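Each chain, written out:
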Amino acid sequence: MADSWTGATIAALLGRLIAQVGRPAASLKDSGGDLQKAVALLGEQGLGSPCIDDISHAAAGMLKRSYQHHPAFERFLSACGRVSGKLTHTILACLAPPNVRTTARFMHVHRLFTWADRVRKLSPAGGAKTGAT
């Protein structure tokens, strides 16, 4: 295993695997530059296979470009963090929002939206202060 992964280290590992088990029918990859470089290097060595770009990564990239700095999205994430902090170590911990890592936030943002929608449906109408998030 490598301490850090680059296109060259990934290509070297995949080259060794291909030598042992054969060339894959296709490679499923995200839009990361390191994987694109590895695929290109394998192709140069005659070990290339068709590549399939993972649509979930493409969709997450589009969401990130559109909403990463949107004020409403930032307020939503802040509210999720506040709720999590208040509920996590209480009897109501089961109502806390799901953990979504910052590095993969837009891959899993649907989990936060689903959680928020469920909590909203459980909350009685008129229970929040006027203007509250």
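Every value quoted in this text rests on a predicted model; they were computed, and no experiment measured them.

Caption draft 1: Main features of the overall build of the protein. What the protein contains, in helices and strands, is 5 helices and 2 strands. Its helices and strands in sequence order give the protein the pattern α-β-α-β-α-α-α, from N to C terminus. Relative to a compact globule of 133 residues, whose C-alpha radius of gyration would be 14 Å, the protein shows 21 Å and is clearly more extended. Each principal axis of the C-alpha atoms in the protein carries an extent, and together these give about 65 × 30 × 25 Å.

Caption draft 2: How the structure looks around the layout of surface pockets. Here the second largest pocket defines a volume of roughly 230 Å³. Taken together, 18 residues make up the lining of the second largest pocket; nearest its centre are Leu 14, Pro 24, Ser 27, Val 39 and Leu 42. Of all the elements in the fold, those that place two or more residues in the lining of the second largest pocket are helix 1 (7–21), strand 1 (27–29) and helix 2 (33–44). Of the residues contributing to the lining of the second largest pocket, the split by class is 13 nonpolar, 4 polar and 1 charged.

Caption draft 3: Structural view of the packing of helix 3 (residues 55–67) against helix 5 (residues 105–122). With their axes 8 Å apart at the nearest point, helix 3 and helix 5 run at an angle of 85° to one another. Judged by the angle between their axes, helix 3 and helix 5 are roughly perpendicular. Residues Ser 56, His 57, Ala 60, Leu 63, Lys 64 and Tyr 67 of helix 3 lie in contact with helix 5, whose contacting residues are Phe 106, Met 107 and Val 109. Here the residues of the contact of helix 3 with helix 5 sort into 6 nonpolar, 2 polar and 1 charged.

Caption draft 4: How the structure looks around the pattern of salt bridges. Evaluated as defined, the whole model comprises 2 salt bridges. Between Asp 117 and Arg 120 there is a salt bridge, with its nearest N and O atoms 2.8 Å apart. Taken as a pair, Asp 117 and Arg 120 lie in helix 5 at a separation of 3 residues, close to a single helical turn. When its relative accessible area of 29% is taken as the criterion, Asp 117 is described as partly exposed.

About the criteria used
Once a new chain begins, its residue numbering starts again from 1 and follows that chain's sequence as written. Per-residue local features are limited, in this predicted model, to residues with pLDDT of at least 70; the limit for side-chain atom pairs, both in listing and counting, is 80 or more; totals at the level of whole chains, interfaces and linings are taken over all residues. With hydrogens and water excluded, all non-hydrogen atoms of the structure serve as input to the side-chain values. Numbered from the N terminus, helices here are DSSP runs of H or I no shorter than four residues, and strands are runs of E no shorter than two. Only the C-alpha atoms count toward the radius of gyration. The rule for a globule is 2.2 Å times the residue count to the power 0.38. The method works on a 1 Å grid over the protein atoms by themselves. A cavity is a set of points holding a 1.4 Å probe that cannot get out, a pocket is an open set with protein on both sides within 12 Å along at least five of seven lines, and residues with an atom within 4 Å of a point line them. Grid points are joined across faces, edges and corners, and a volume is the space filled by probe spheres set on the points. When residue character is reported, Ala, Val, Leu, Ile, Met, Phe, Trp, Tyr, Cys and Pro are called nonpolar, Asp, Glu, Lys and Arg charged, and the others, Gly included, polar. To obtain each axis, a line is fitted to C-alpha atoms, and for helices this fit is confined to the stretch in contact; angles are then taken between N-to-C directions over 0 to 180 degrees. With respect to orientation, any angle under 35 degrees is reported as roughly parallel, any angle over 145 as roughly antiparallel, any angle of 65 to 115 as roughly perpendicular, and every other angle as oblique. By the convention used here, residues are in contact when the closest approach between their heavy atoms is within 4.5 Å. One speaks of a salt bridge when a side-chain nitrogen belonging to Lys or Arg is within 4 Å of a carboxyl oxygen belonging to Asp or Glu. The cut-offs for exposure are 20% and 50% of the maximum accessible area for each residue type, with area from a 1.4 Å probe on protein chains only; residues under the lower value are buried, those over the upper are exposed, and the others partly exposed.

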